[in-house]
Amino acid sequence: MNDYNEKGFVLLDVILALFLFTVGFAALYGLSEKALSEADQALRLTEAANHAQNIMETLGAESWRDNIRRGSCIPGGEVEGSEGFFRWRVYSDWDIPDELLRVKVEVSWLEQGSVQRYTLESLYALQ
């Protein structure tokens, strides 16, 4: 014969199992949301790196003297611009006057309330 009190344990087991399932599901949801956030940050950083590389390649495709004449690159100064939600700056200065030019491209963007930056720097010999 089944005792009436033993049936109460089954209900308690089911409630405990549901509670544990809910806690586990909430933890997995939190982990997946964090993973999506990290993936989004990685995507923005990759886009910024590609943007900086494109700017550097565009400058490098022309003669540096032509870039300086056009104002695309100003030794001792900076050139600014924006594209989408990225802002970029090109800084340049002479390492060896009229021979070696240091060029730095900085791309910045706003992410989760703070400004993030990616910087690409290179030295170029002028012919």
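Here is what the cut-offs are and how they apply
- Residues numbered from 1 in each chain as written.
- Predicted model: local features only at pLDDT ≥ 70, side-chain atom pairs only at ≥ 80, totals over all residues.
- Heavy atoms only, no water.
- Pairing = 2+ DSSP bridges.
- Helix = DSSP H or I, 4+ residues; strand = E, 2+ residues; numbered from the N terminus.
- Axes fitted to C-alpha atoms, helices over the stretch in contact; angles between N-to-C directions.
- Core = buried A, V, L, I, M, F, W, Y, C linked by side-chain atoms within 4.5 Å.
- Buried < 20%, exposed > 50% of the residue type's maximum accessible area, 1.4 Å probe, protein only.

Within an unreviewed UniProt entry, the label attached to the protein reads Type II secretion system protein GspI C-terminal domain-containing protein, and the organism entered is bioreactor metagenome.

With that settled, the discussion passes to the sheet that holds strand 2 (residues 86-96). In spatial order, the strands read 1-2-3-4; together these four strands make up an open sheet with antiparallel pairing. Looking along the sheet, the strands with just one partner apiece sit at the ends: strand 1 (77-83) and strand 4 (114-125). This sheet shows a mean twist of 20° between the axes of neighbouring strands, independent of strand direction. By the bridge criterion, 12 bridges tie strand 3 (residues 100-111) to strand 4 in an arrangement that is antiparallel. Looking across to strand 4, one finds that Val105 is bridged to Leu120.

Let us look at the nonpolar core. Counting 18 residues, the largest nonpolar core has Trp64, Val90, Val103, Val105 and Val107 as its most contacted members. Of all the secondary-structure elements, those providing two or more residues to this core are helix 1 (4-61), strand 2, strand 3 and strand 4.

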